[in-house]
There are 2 protein chains.
Amino acid sequence: MTASGIDALKAALPAKAWTQDADVITPLLREWRDKYFGQTPILLTPGATDEVARAVAICAEHGLPIVPQGGNTGLVGGQTPQGEVLLSLKRMTAIREVNPVANAMTVEAGATLHTVHEAARSENRKFPLTLSSEGSCTVGGVLSTNAGGNHVLKYGTTKELVFGVEAVLADGSVFNGLSSLRKDNTGYDLSRLFLGAEGTLGIITAATLKLFPQPGHVARALIGVGSVADAVALLTRFRGPALAMFEVMPRIGLKAVTDNFEALRDPFTDAHPWYVLTDFEVDSADQGAALLTGLLQSAMEADLIRDAVLAQNDTQFQALGAIREHMSAGQKFLGGSIKQDITVPIDRIAEFFDRADRRVQTIVPNCRPVGFGHFGDGNIHYNIAQPASDDMAGDRPAFLAHWDAVSEAVFDIVDDLGGSISAEHGIGIMKRDTLARRADPVKLALMRRVKYALDPANIMNPRVMIQDFKG
Amino acid sequence: MTASGIDALKAALPAKAWTQDADVITPLLREWRDKYFGQTPILLTPGATDEVARAVAICAEHGLPIVPQGGNTGLVGGQTPQGEVLLSLKRMTAIREVNPVANAMTVEAGATLHTVHEAARSENRKFPLTLSSEGSCTVGGVLSTNAGGNHVLKYGTTKELVFGVEAVLADGSVFNGLSSLRKDNTGYDLSRLFLGAEGTLGIITAATLKLFPQPGHVARALIGVGSVADAVALLTRFRGPALAMFEVMPRIGLKAVTDNFEALRDPFTDAHPWYVLTDFEVDSADQGAALLTGLLQSAMEADLIRDAVLAQNDTQFQALGAIREHMSAGQKFLGGSIKQDITVPIDRIAEFFDRADRRVQTIVPNCRPVGFGHFGDGNIHYNIAQPASDDMAGDRPAFLAHWDAVSEAVFDIVDDLGGSISAEHGIGIMKRDTLARRADPVKLALMRRVKYALDPANIMNPRVMIQDFKG
């Protein structure tokens, strides 16, 4: 049955729209953290929505499950097939329309985030989602995973930046929710269902995205602070229409970056326990300088900050940003890392660190927490680096064996504080069983009912996010 | 069976949570436009979520359908029972939490929008949904209908102002999506399903709403313009982070208000074909004056505006706003009115008026279009007043008999322009059959599958939005 399904796909699609060449396929079967390795009988590379629809209809007919893939930058194993058909959207890259009057852009799923930024900029508009992987990650991928990033604080998560989507459903029909209408009260918000669904309800083939005015100027500062509590107090003071980014890094994280990347240096003379990188979107450089100087002065008087540098030109602006962008890369120099992507209510961030830092020491004594990230959204990448030792490479596997124990301990605290065990990376394979164990049974039952309603044969990215979906 | 179901409800609920007293019930069976009149065997007035859950479980057991009701301000008949159990949320009015650090408020479904505004203001925060009915309409109602209003332009529609909801499902279980987390990627966006679902998927009992900083100052102007095209050109010039409202009214609408409400007067010496009422949220009165003066001067030089008045104090601010707020009331003095609530893409608003104004004259010669509203969102309340005559009252029924023909003609143009036949009022009973005829079959099929997944026995607000939902 499978063989005839594969044959049917080959017969129905243009030659450019499929391959079984291992040289082409293999790179798509491993992801960059080297945590997941996959296999597939065939790679589909449709060039248009109707080809995706035709492929899905054939898969449905033959009971062939499908894993959709964008830029292969996902971090939870959701894009890696284990015997399923692999459907890459990478050939569907068209910008269908940029409409500066409606502040909207319609773009196909395989376009990279970088392409979207460029297309928006060419019309003097801004698409505010920014991720370090913007050169590789695709629209379909970031929408399907509801990727987060640094500007959620001001502009919302990815799903809030979308007017609607076009998606191929599990029976091969095409749902068209593309529209730039800001008001449309004609039924359920169906487009929204596909955002963050990790491909389990259908395959996003295109989307109409929200654009925003380009800010006249972005004022940036890096600020040394004494504690997490001081960083959160600063956040409350900084809040307002201009605040566009509020990222926090610990000393160990900044040092790993500035010690190991020659081009990046610590702009401060003294070491500080924590660092805040913050952006304000304003009309002009003068307005930005006035706003920042005022805020910093008053925070200094309140004893909330220890030192601060303001970006005075584009070079300094990029240099400060690069420190934050290299946080993940920098941690590789600290050895193995047990990574968490969690949210807690903003007013409980300090409490989270207090409890989690103590708790993980009881599991791996002398481990080194490197908790950084989007504190403005309550989102902490609470990564734990292995203890420093003489044989870092040798000790790495033993350290990483604690992954599940550390995760469970951290998740217990997150649940207790009313947080989320997945802030922006999603569930995928990595957290599927954890979600099943920890989530509200009513929520899980509702998810299963929705999944079953849209994909009763479970061919759309099975194994991901939900299991036993008929539950 | 029905009788025993009603008896079971009476037995299971506290005495305060139900009544069959016609004096109490009757006012809830008619809505303010006098278009829908209903009937019900019993009114339920639960005081807490667990009472709602108990009531729904009993209704499910006995196959009793339920119509939920908030402030009874809906305009499409969605809140009026025709033999169903009527479940009013009006006794559930608690503000459960206001959290200014997380910029979030958790409130029960029966609280009025006015109560929410007051609670936000008390913490120096803003909940940006504003409707003329704010003293009566409730959180559950505005969320279930995704009500629009005047500030969508800046802050988004109601569903964009919600972190999550608590809802009682069709089997009586309680879904808890209350949370103020800005990032939570643990599955489908289930809360969103209930927003704009008009009670067909479950009953919203509480919600966590997004709060925003109170702007330092709101600068308001009323501007006379020569045409719809000039108004749209002005919108493009005004766009930016400060623009918070952009409402447009025709001469006939403004005149009906200022001629008939003694307290309200036309602030201009000359008559103008169209009027724009606009707000800018800024830090200070000085900043607002500078911004507005600059924008108006440059628009004047581009020949886009004919005259303008700036609100110089709170009295003038309120007076200008009151003209817009009285648009619907003013139209009552023009006789019968055939009302449309539609959206078209912003860059096609002028084309819409051009085509629609000509088209409706072929159906009712000398009818008087009064198209006004939220042009910043492409949302037009395209109301048609009856022709002026010697016997306005007598001619009214004959005029209103054209309602469906006028609607169909307008909807044809809307569909052709890629618009929406319901911008902010919803589908309810009024547009249910129109939606079934006009919407994309794939979309309708998807809506039916979702409805069936969540409410297979169709007891949650049946008759509304969807029909033949097993389709």
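Residues numbered from 1 in each chain as written. Chains lettered and ligands numbered in written order. Predicted model: local features only at pLDDT ≥ 70, side-chain atom pairs only at ≥ 80, totals over all residues. Heavy atoms only, no water.

1. Brief notes about the relation of the copies chain A and chain B
The two copies are related by a screw motion: chain A maps onto chain B through a turn of 180° and a shift of 0.0 Å along the axis, at an RMSD of 0.0 Å. Here the copies are linked by what is in effect a two-fold axis. Rotation axis and chain A: the residue whose C-alpha lies nearest the axis is alanine 453 of chain A, separated from it by 2.9 Å. A shared interface surface links the copies, since 100% of the contact residues of chain A are contact residues in chain B too. (Least-squares fit on C-alpha atoms with pLDDT ≥ 70 in both. Contact = heavy atoms within 4.5 Å.)

2. Here's the deal with the domain arrangement of chain A
Think of interface size as the accessible area that goes away when the parts come together; that is how it is often given. Here chain A is partitioned into domain 1 (3–88), domain 2 (95–213), domain 3 (217–328) and domain 4 (335–416). Computed from C-alpha coordinates alone, the two centres of domain 1 of chain A and domain 4 of chain A are separated by 35 Å. (Domains from an automatic or database assignment.)

3. What to know about the packing of aromatic side chains
Under the counting rule described, the total for this entry stands at 24 aromatic pairs over all chains. Ring geometry for phenylalanine 352 of chain A against tyrosine 382 of chain A: centres 5.1 Å apart, planes inclined by 80°, an arrangement best described as edge-to-face. Within this pair, whereas phenylalanine 352 of chain A is found in helix α13 (residues 349–363), its partner tyrosine 382 of chain A is found in strand β19 (residues 379–385), the two being separated by 30 residues in sequence. An angle of 85° between the planes, with centres 5.6 Å apart, marks the rings of phenylalanine 261 of chain B and phenylalanine 333 of chain B as edge-to-face. Placement of phenylalanine 261 of chain B in the loop between α9 (251–260) and β14 (274–282) and of phenylalanine 333 of chain B in the loop between α12 (327–331) and β16 (337–338) is noted, with a sequence separation of 72 residues between them. Residue class for phenylalanine 333 of chain B comes out partly exposed when judged on its relative accessible area of 46%. Directly above the ring of tryptophan 403 of chain B sits lysine 35 of chain B, whose terminal nitrogen or CZ lies 3.9 Å from the centroid. The positively charged end of arginine 220 of chain B is found above the aromatic ring belonging to phenylalanine 317 of chain B, 3.7 Å away from the centroid. (Phe/Tyr/Trp six-rings, centres within 6.5 Å; stacked < 30°, edge-to-face > 60°. Helix = DSSP H or I, 4+ residues; strand = E, 2+ residues; numbered from the N terminus. Buried < 20%, exposed > 50% of the residue type's maximum accessible area, 1.4 Å probe, protein only. Lys NZ or Arg CZ within 6 Å of the ring centre and 35° of its normal.)

4. Overview of the pairing of strand β3 (residues 66–69) of chain A
Residue and element names in this part refer to chain A. Here β3 shows two buried faces, one formed by Ile66 and Pro68 and the other by Val67 and Gln69. One ladder, built from 4 bridges, connects β3 with strand β4 (residues 85–88); its direction is parallel. From the neighbouring strand, glutamine 69 faces β4, where its bridge partner is serine 88. (Pairing = 2+ DSSP bridges.)

5. As for the pattern of salt bridges
All names here are of chain A. Overall, the coordinates contain 55 salt bridges over all chains when judged by the stated rule. Salt-bridge contacts for aspartate 266 lead to arginine 251; the nearest nitrogen and oxygen are separated by 3.0 Å. Taken together, the residues span a long stretch of sequence, with aspartate 266 in the loop between α9 (251–260) and β14 (274–282) and arginine 251 in helix α9 at a distance of 15 residues. When the shortest N-O distance is used, the salt bridge between aspartate 415 and arginine 438 registers 2.7 Å. Linking aspartate 415 in helix α15 (residues 403–416) with arginine 438 in helix α16 (residues 432–438), this pair joins segments that are 23 residues apart in sequence. Classification of aspartate 415 as partly exposed rests on a relative accessible area of 35%. Members of the salt-bridge network, linked through shared partners, are Glu408, Asp412, Asp415, Arg437 and Arg438. (Salt bridge = Lys/Arg side-chain N within 4 Å of Asp/Glu carboxyl O.)

6. Looking at the UniProt feature "domain: FAD-binding PCMH-type" (unreviewed entry) in chain A
The UniProt entry lists residues 36–214 of chain A under the feature "domain: FAD-binding PCMH-type" (unreviewed entry), expressed in the numbering used here. For residues 36–214 of chain A, helix accounts for 22% and strand for 23%, while the C-alpha atoms at its two ends are 39 Å apart. (UniProt positions renumbered as here; feature names shortened; annotations may be inferred.)

7. A few points about the interface of chain A and chain B
Contact residues are listed per partner, giving 70 residues for chain A and 70 residues for chain B. In this assembly, chain A packs against chain B so that about 5900 Å² is buried in total across both faces, 57% of it on carbon and sulfur atoms. On the chain A side of the interface with chain B, the three residues burying the most area are Lys183, Asn185 and Tyr188 of chain A, jointly 17% of the side's total. Here chain A is connected to chain B by 11 salt bridges. (Buried area = accessible area lost by both parts, 1.4 Å probe.)

8. Section: the packing of helix α13 (residues 349–363) of chain B against helix α15 (residues 403–416) of chain B
Angle between the axes and distance between the axes: these two values describe a pair of packed helices. All names here are of chain B. Remark: α13 packs on α15, axes separated minimally by 10 Å, with the N-to-C direction vectors making an angle of 155°. Put simply, α13 runs roughly antiparallel to α15. You can see that α13 and α15 cross each other, and the crossing is right-handed. Residues Phe352, Arg355, Ala356, Arg359, Val360 and Ile363 of α13 touch α15, and the partners they reach there are Ala405, Val406, Ala409, Val410, Ile413, Val414 and Asp416. Residues of the contact of α13 with α15, tallied by class, amount to 10 nonpolar, no polar and 3 charged. (Axes fitted to C-alpha atoms, helices over the stretch in contact; angles between N-to-C directions. Parallel < 35°, antiparallel > 145°, perpendicular 65-115°, else oblique. Left-handed = near helix turned anticlockwise from the far one by under 90°. Nonpolar A, V, L, I, M, F, W, Y, C, P; charged D, E, K, R; others polar.)

9. What about the sheet that holds β4 of chain A?
All names here are of chain A. Pairing in this open sheet of 4 strands is mixed, and the strands run β1-β2-β4-β3 from one edge to the other. Single-partner strands in this sheet number two, and they are β1 (18–19) and β3. As paired elements, β1 and strand β2 (residues 43–44) share 2 bridges and run antiparallel to each other. Each residue of the ladder has a partner; that of threonine 19, found in β2, is leucine 43.

10. Remarks on the environment of glycine 376 of chain B
Residues and elements named next belong to chain B. Counting through the fold element by element, glycine 376 comes out in the loop between β18 (368–372) and β19 (379–385). In this structure the C-alpha to C-alpha distance between glycine 376 and arginine 265, which are 111 residues apart in sequence, comes to 25 Å. Residues in contact with glycine 376, not counting those within four places in the same chain, are Leu153, Leu235, Arg239, Phe246 and Ile346.

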